[in-house]
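Structural features, examined
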Amino acid sequence: EVQLVESGGGLVQPGGSLRVSCAASGFTFSSYWMSWVRQAPGKGLEWVANINQDGSEKYYVDSVKGRFTISRDNAKNSLYLQMNSLRAEDTAVYYCAREGLGNMGGAFDIWGQGTMVTVSS
Amino acid sequence: DIQMTQSPSTLSASVGDRVTITCRASQSINNWLAWYQQKPGKAPKLLIYKASSLESGVPSRFSGSGSGTEFTLTISSLQPDDFTTYYCQQYYSYPWTFGQGTKVEIK
């Protein structure tokens, strides 16, 4: 079964750091671009960052540039998001998502269940 | 950044109705548009990619059309399971951006 499972969410104080992880299974992880997408409570979806197959290309939304770092370990079939200098507005469910191939590239065909990150004192 | 605007924000309809949701981009995105369905407390589910291609396993009552800056998602005959929220997303240029969502509710 194709699956993405996030972990590592929790409560962190403003200015703090947190790393969330995503474990992939059931497909050739190293063949796909991967993304993080977040959703603040009661709000819409926001793409955060993505990374190419070998980790040599990374893109970020402006609001997290310089604070968040996306990375991957293909040997471990895992995706990561290191979040530093966290702000209250970063509070959200963070989803790991697979970007499709070919004409689907950039559309997210597989999603994890999400992990909640709460930034509060 | 490319802004994606969905209309309406809320849509009231009945089982069996034909409904259409519109998504407008602030600049041309060719056909690089996806539609998702999201149920409360769940991850989004891909319905349509490349504006009009139906994702595998998605019922044929869902269809997408459009190009350039204006796109539509049509549900030909609403089923009870379809009353939830829908999002469009452009993947033409970074940052990828989503519409604000359309909630389809029971009339």
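Up top is the structure these notes are about.
I will try to describe carefully the structure that is included in this document. (Residues numbered from 1 in each chain as written. Chains lettered and ligands numbered in written order. Predicted model: local features only at pLDDT ≥ 70, side-chain atom pairs only at ≥ 80, totals over all residues. Heavy atoms only, no water.)

Turning our attention to the side chain of Gln38(B). Position of Gln38(B) relative to the elements: it lies in strand β4 (residues 33-38). Excluding its chain neighbours within four sequence positions, the residues that come into contact with Gln38(B) are Gln39(A), Leu45(A), Tyr95(A), Ala43(B), Pro44(B), Thr84(B), Thr85(B) and Tyr87(B). (Helix = DSSP H or I, 4+ residues; strand = E, 2+ residues; numbered from the N terminus. Contact = heavy atoms within 4.5 Å.)

Residues and elements named next belong to chain B. Strand order across the open sheet formed by four strands is β1-β3-β8-β7, with antiparallel pairing between neighbours. Strands at the two margins of the open sheet, each flanked by one partner only, are β1 (4-7) and β7 (62-67). Across the sheet, the mean angle from the axis of one strand to that of its neighbour is 20 degrees, orientation sign disregarded. In this sheet, strand β3 (residues 19-25) lies alongside β1 in antiparallel orientation, the contact comprising four bridges. Each bridged residue has a counterpart across the sheet, and for Thr5 the counterpart in β3 is Arg24. (Pairing = 2+ DSSP bridges. Axes fitted to C-alpha atoms, helices over the stretch in contact; angles between N-to-C directions.)

Let us now look at the sheet that holds strand β7 (residues 68-73) of chain A. Residues and elements named next belong to chain A. The strand order across the open sheet built from four strands is β1-β3-β8-β7, with neighbouring strands paired in antiparallel fashion. Sheet topology places β1 (3-7) and β7 at the edges, where each strand pairs with a single neighbour. Strand after strand, the sheet turns through a mean of 15 degrees between neighbouring axes, direction not considered. Bridging between strand β3 (residues 18-25) and strand β8 (residues 78-83) involves six bridges; their strand directions are antiparallel. Residue pairing for β8: Leu18 is matched across the bridge by Met83.

Just distances and angles here, no functional claims.
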